[in-house]
Amino acid sequence: MNRLTRRIGDASARRPWVTIAAWLAALALVLPLAGLAGGSFVDDLVAPGSQSEEAMELLEERFPEASGGSAMAVFAAPEGKRLDRHRPAIEAAVARIAELDHVATSTDPFTAGTVSPDGRIGYAQVTFDVPTMEVSPEQINALSGAIEPVRDDGVVAELGGDTVFINAETPTSGAEAAGLLAALVILVVVFGTLVAALVPIALALVAVAAGLGGITLLAHAMDVSTAAPTIGAMVGLGVGIDYALFVVARYRENHAAGQDNAGALSNAMASSGAAVLFAGGTVVVAMTALAVTGLGFLTSVGLSTSLVVLFAVATALTLLPALLSLLGDRIHKRRRRGLRTRRVNKPEETAWWRFAHRVSGRPWPYLLVASAALLALAAPALRMETGFPDAGDDATSTTHRRAYDLMAEGFGPGFNAPLLIVADLRSPGVDAEGIPELSRRLADDPGIASVGEPQISAAGDTVVLPALPTTAPADAATSHTLERIRDVVPDNVAVSGLTAMTDDLTRQLADTLPIFIAAILVVSFLLLMVVFRSIAVPLKAAVMNLLSIGGAYGVVVAVFQWGWLGELFNLDETLPIASPLPTIFFAVLFGLSMDYEVFLLSRVREEYDATGDPKESVARGMAVTGRVITSAALIMTVVFLSFVVNPSPLVKMMGLGLATAVVLDATIVRMVLVPASMALLGRAAWWLPRPLDRLLPRTSTEDAAELGSPVTQALG
């Protein structure tokens, strides 16, 4: 692996303008092509093999008019007024809606009786002739334009319903730019020169731009979740900056040790470049493992994020050495005014070296205290309550959230959680004569507010009973109601609708999470064993990563579910943890945690090969990587925290969880747990049975001397 990355870096550095031109040509091809041929993003909320999926497939086959998407145009008169005073304006809006493309029907609130008991709130039911997932953003915008004139009459007009909620565009806050600015400031402080600081930022932006273009093209070939671009950009910015930072820091370190620019760059690409390649590979493995869940939207998130990470690795291995070869000595210069220019010449003079020896001198107390701290942070995760986000969890700035609140106010919270009871009359069970009795049994359930009139397909072989629960979509009571209904209905009756679909998704995610975690742990263990030629190191890495991820889970539960520090994060109410989050979290966090593990232990292994002293190799490894890893973690933290101010609760959770895990991983894990555990393991940390050593492939063909890392090498 070292020889491969050296050759790639050398080739790029020898022909910098060709490399840069190739990247510009790739961007010039991908971005316009994405705009022309790219697909739109959609959330595939189907749990394969679930009852809700079977019901929707039956409707699409036999009763397509009942499987079309639906929306609601919600109207509200001012407080204390009645809606019928504005009847002409509302009826005109309903007429405009009926003329839109793909609108099958639209009802008049006054003739359909869909006005609240106090006469203030009403809604027009809109059905489309295409399924919910196929309704385009342009059609939603046209629907919004049709109701806009009603607002001029003094009426509140909003769009709600499953179709509007699912197809809503992911909001952005603009704070991501502030995160990049903060990252730039950190890099300037670390490198002491603006030129060196701008290089990692530029590479991250190139990787994210190319990755987002690739994600848009991927959406042309498959359903890609609306969350995929945000998660991909979030992870891409973090790893893109970090990968470039590690290579640039090693390059400057080699140059400070007396190597010329060409040799310093070549050796940096062989050592840190190989670490970047492997670190990026672990992130890709973790993200693509999301396909193990069998859920389409999670698979698309994994593939999309992997695509951005691959671009980040590619820029670090090709575009970065090309830029560094052109910049020459300018990458090493420091501005002396206002910046510290003191250079540490020996690892023994660093605080990292001294702290590592302090920890290794008394490993048990440090190990126990640090582990206890992580376990305490992780404790709230034991009470985690998951649920799929609904419109009521979104920001009040969105029209579907305001429509949700109006419907709950006028008709009850269950109105936002409609269920579809689908009866297949061709199969044994209830027949046409038994439908009225089935309807009465459903209405008798304490969790059901009402059951609508049965809808019968043209062939008379399929019946749909719309039902409204008494509780909100994400309420645990709604899930209990769904369970009771499914227990009492005959075998040829299934329950569907968005609420049932998301409930099935939550259950499937909970069932597949242990399998998913086990798959990632096994694959990462094998990869680390191959790279580090050790059994203990991969086991230790897995345990420590689980601790830092558990701590991140606990913090997210405490903030969002329990409401701790809610005002700090602009939360109006407590929220259940979005059910896809634990799975996505684990994939992203495990990959990112492995990044720091690889960058630290690759240097520790180099020093161990040179000295044979397990304790001293850890101290020296920390000494030469401590500043860089801390800076990288700080950059990643500010990038992730910039997403916390996003209006979307799901993005807020992602941002806070990722930032927390990175902080824990770069401080408690890398500074305390690693030196303490390595001190206890001693030489056993690098033990590998000889038969296994012969069996495993070798990823490195160059020794520490070739990589330019003698023990006495100076810091840059």
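For the structure given in this document, a descriptive report is provided here. No experiment lies behind these values; they were computed from the predicted model shown.

Before going further, it helps to examine the packing of aromatic side chains. As enumerated under the stated definition, the model contains 14 aromatic pairs in all. The interplanar angle of 20° and the centroid separation of 3.7 Å between the aromatic rings of Phe246 and Phe599 together place this pair among those described as stacked. With a gap of 353 residues between them, Phe246 in helix H11 (residues 228-256) and Phe599 in helix H21 (residues 581-611) connect regions that are remote in the sequence.

With a phi close to 50°, Arg533 is a non-glycine residue in the positive phi region. Tracing the backbone through its elements, the reader meets Arg533 in the loop between helix H19 (498-532) and helix H20 (536-561). Positive phi is not limited to glycine here, since Leu565 has a value of about 55°. Assignment of secondary structure puts Leu565 in the loop between H20 and strand S11 (577-578).

This paragraph deals with the nonpolar core. With 159 residues, the main nonpolar core has Ile241, Tyr243 and Phe640 as its most contacted residues. The residues touching Tyr243, leaving out its near neighbours within four places in the chain, are Val276, Ala279, Gly280, Val283, Val309, Ala312, Val313, Ala316, Asp595 and Phe599. Membership of the second largest hydrophobic core comes to 25 residues, among which are Phe75, Ala77, Leu83 and Ile147.

What follows concerns H11. Over its 29 residues, H11 runs 41 Å from end to end, which matches the ideal 42 Å to within 8%, given 1.5 Å per residue. In terms of burial, H11 is a largely internal element, 27 of the 29 residues being buried.

Looking now at helix H12 (residues 261-288). If you check H12, its first and last C-alpha atoms are 37 Å apart, about what 28 residues at 1.5 Å a residue would give, namely 40 Å. Along H12, the sharpest change in direction is near 35° and occurs at Met269. Within H12, 21 of the 28 residues are buried, which leaves it mostly tucked inside the rest of the structure.

Next up on the list: the pattern of salt bridges. Any two side chains of opposite charge can pair, so long as their charged atoms come close to each other. Overall, the coordinates contain 23 salt bridges when judged by the stated rule. Notably, a salt bridge pairs Glu606 with Arg250, separated by 3.0 Å at the nearest N-O pair. In this pair, Glu606 sits in helix H21 while Arg250 sits in helix H11, placing the two residues 356 residues apart along the sequence. Each of the two residues, Glu606 as well as Arg250, counts as buried. For Asp665, the salt bridge goes to Arg670, with nearest N and O atoms at 3.0 Å. Arg670 matches Asp665 in its accessibility class, with the two residues each being buried. One salt-bridge network, held together by shared partners, links Glu148, Arg151, Glu158 and Arg402.

With that settled, the discussion passes to a negative patch on the surface. A contiguous patch of negative charge, built from Glu54, Glu57, Glu60, Glu61 and Glu134, is present on the exposed surface. Take Glu61: it is sitting in helix H3 (residues 51-62). For Glu61, a relative accessible area of 61% gives the class exposed.

It is worth spelling out the environment of Thr315 at this point. Among the secondary structure elements, Thr315 is positioned in helix H13 (residues 296-327). Look at Thr315 and you get buried, because its relative accessible area is 1%. A C-alpha to C-alpha distance of 61 Å links Thr315 and Phe110, two positions 205 residues apart in sequence. Excluding its chain neighbours within four sequence positions, the residues that come into contact with Thr315 are Trp23, Leu203, Val206, Ala207 and Leu320.

Here we take up a nonpolar patch on the surface. Among the surface-exposed residues, Trp562, Trp564, Leu565 and Leu568 lie close enough to one another that they form a single nonpolar patch of about 490 Å² accessible area. Its location among the elements puts Trp564 in the loop between H20 and S11.

Strand pairing in a sheet relies on backbone hydrogen bonds. The paired strands run either parallel or antiparallel. An order of S2-S3-S1-S4 is seen for the four strands of this open sheet, with the pairing classed as antiparallel. Each of the sheet's edge strands pairs with one partner strand only, and the pair in question is strand S2 (103-106) and strand S4 (156-160). Strand-to-strand twist in this sheet, taken as the mean axis angle between neighbours without regard to direction, amounts to 20°. Relative to S4, strand S1 (residues 70-76) runs antiparallel, the two sharing five bridges. Its bridge partner lying in S4, Val74 is registered against Glu158. Across the sheet, helix H5 (residues 87-98) is in contact with S1, S2 and strand S3 (121-128); its angle to S2 comes to roughly 160°. Most of the contacts of helix H16 (residues 399-411) go to S4, to which it runs at about 105°, and overall it touches S1, S3 and S4.

Position of Ile215 relative to the elements: it lies in helix H10 (residues 194-221). In this structure the C-alpha to C-alpha distance between Ile215 and Ala372, which are 157 residues apart in sequence, comes to 41 Å. With near-sequence residues (within four places) excluded, Ile215 lies in contact with Phe41, Val224, Ala228, Pro229, Ser304, Leu307 and Val308.

What follows deals with the environment of Arg7. Mapped onto the fold, Arg7 is located in helix H1 (residues 2-14). In the structure, Arg7 is positioned 493 residues away from Ala500 in sequence and 54 Å away in space, judged by C-alpha atoms.

Bringing the packing of H10 against H11 into the picture now. The axes of two packed helices give the description: the angle between them and the distance between them. Contact pair H10 / H11: the axes reach a minimum separation of 8 Å and the direction vectors enclose 145°. With respect to the hand of their crossing, H10 and H11 are arranged in right-handed fashion. Between H10, through Ala196, Pro200, Ile201, Leu203, Ala204, Leu205, Val208, Leu212 and Ile215, and H11, the contact on the second element is made entirely by Ala228, Pro229, Ala233, Gly236, Leu237, Gly240, Ile241, Ala244, Leu245 and Arg252. In terms of residue class, the contact of H10 with H11 is made up of 16 nonpolar, two polar and one charged.

Cut-off values and rules
- Residues numbered from 1 in each chain as written.
- Predicted model: local features only at pLDDT ≥ 70, side-chain atom pairs only at ≥ 80, totals over all residues.
- Heavy atoms only, no water.
- Phe/Tyr/Trp six-rings, centres within 6.5 Å; stacked < 30°, edge-to-face > 60°.
- Helix = DSSP H or I, 4+ residues; strand = E, 2+ residues; numbered from the N terminus.
- Core = buried A, V, L, I, M, F, W, Y, C linked by side-chain atoms within 4.5 Å.
- Buried < 20%, exposed > 50% of the residue type's maximum accessible area, 1.4 Å probe, protein only.
- Contact = heavy atoms within 4.5 Å.
- Expected span 1.5 Å × (residues − 1).
- Bend = angle between axes of the 7 residues up to and from the residue.
- Salt bridge = Lys/Arg side-chain N within 4 Å of Asp/Glu carboxyl O.
- Patch = residues over 30% accessible without salt bridge, like charges linked within 9 Å, V, L, I, M, F, W, Y side chains within 5 Å.
- Areas by Shrake-Rupley, 256 points an atom, 1.4 Å probe, with all protein chains shown as cover.
- Lys, Arg positive; Asp, Glu negative; His and termini not counted.
- Charge placed at Lys NZ, Arg CZ, Asp CG, Glu CD.
- Pairing = 2+ DSSP bridges.
- Axes fitted to C-alpha atoms, helices over the stretch in contact; angles between N-to-C directions.
- Left-handed = near helix turned anticlockwise from the far one by under 90°.
- Nonpolar A, V, L, I, M, F, W, Y, C, P; charged D, E, K, R; others polar.

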